[in-house]
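Spelled out from the first residue to the last, the chains are:
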Amino acid sequence: LTAAAKPKIALVIQYENNQFFLDMQKAAKQFAQKNNNFELIIKGVQNDSDHEGQVKIIHDLLQEEPLVKALLITPIDSVKIIPALVSARNKGVIVVNLDNRINQEALTAQKITPIPFVVPYNFNAAYEVGKSLAQTLTKGDQAAIITGVPHSQNSELRSNGFRKSLQENGLV
């Protein structure tokens, strides 16, 4: 396909300089190069609290011609991003939610059909990290949990998985 004929797919990430999202970008670019049947657009904000920046990115993408066919989003704020995603859907853009789940209660309250969601299982990953760390700790040692964005589902799952592993090993 020529560049003009390739459908555009946008990946809108949370924080451009976070290693997780750098790895995600790298994998997406490799996939796009290997398949060579779509144009990949990757956009992100400079810090992990700039939900307004993500909304602006989506708004700007919806103004481009030809319009993106799909939007993959790792939302910073799982509620405040909803109106922008609804705008994308209303224009016929396929929306897929990655990593940090869109707030399901807010979708239901606004009578919005569910948005497909793809994520690693954060609870299990953090549980395994906690198990590994538990082998090096003894009762009374201190460990800190850096949760990331407060109240995000990912942060809660990671914290809960880590805590459970430490509890099971008698460290909490």
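See the structure shown above.
Below is a summary of the structure that appears in this document. (Residues numbered from 1 in each chain as written. Predicted model: local features only at pLDDT ≥ 70, side-chain atom pairs only at ≥ 80, totals over all residues. Heavy atoms only, no water.)

### Concerning the sheet that holds strand 5 (residues 117–118)
The five strands are arranged 2-1-3-4-5 in an open sheet whose pairing can be described as parallel. Two strands close off the open sheet at either side, each with one partner strand: strand 2 (39–45) and strand 5. (Pairing = 2+ DSSP bridges. Helix = DSSP H or I, 4+ residues; strand = E, 2+ residues; numbered from the N terminus.)

### Notes on the nonpolar core
Looking at soluble globular proteins, one finds that nonpolar side chains tend to be buried together. With 24 residues, the main nonpolar core has Ile58, Leu61, Leu71, Ile73, Leu85 and Ile102 as its most contacted residues. Those elements that provide at least two residues to this core are strand 1 (8–15), strand 2, helix 2 (51–61), strand 3 (70–73), helix 3 (82–90) and helix 4 (104–109). It is helix 3 that provides the largest number of residues to this core, a total of four residues. (Core = buried A, V, L, I, M, F, W, Y, C linked by side-chain atoms within 4.5 Å. Buried < 20%, exposed > 50% of the residue type's maximum accessible area, 1.4 Å probe, protein only.)

### Quick word on the pairing of strand 4 (residues 94–98)
Of all five residues that make up strand 4, four are buried, and the element is covered over most of its length. Of the strand pairs in this sheet, strand 3 and strand 4 are connected by four bridges, and their pairing is parallel. In the sheet register, Leu71 faces strand 4, and the bridge partner there is Val95. In terms of handedness, the path from strand 3 via helix 3 over to strand 4 forms a crossover that is right-handed. Relative to strand 5, strand 4 runs parallel, the two sharing two bridges. Following the sheet pairing, Asn97 is matched in strand 5 by Phe117. (Right-handed = clockwise from strand over helix to strand, strands pointing away.)

### Notes on the environment of Pro75
Mapped onto the elements, Pro75 comes out in the loop between strand 3 and helix 3. According to the relative accessible area criterion, Pro75 is buried, its value standing at 0%. Between the C-alpha atom of Pro75 and that of Arg101, which follows or precedes it by 26 residues, the distance is 7.6 Å. Once residues within four sequence positions are removed from consideration, Pro75 is found in contact with Gln14, Gln54, Ile81, Asn97, Leu98, Asn100 and Ile102. (Contact = heavy atoms within 4.5 Å.)

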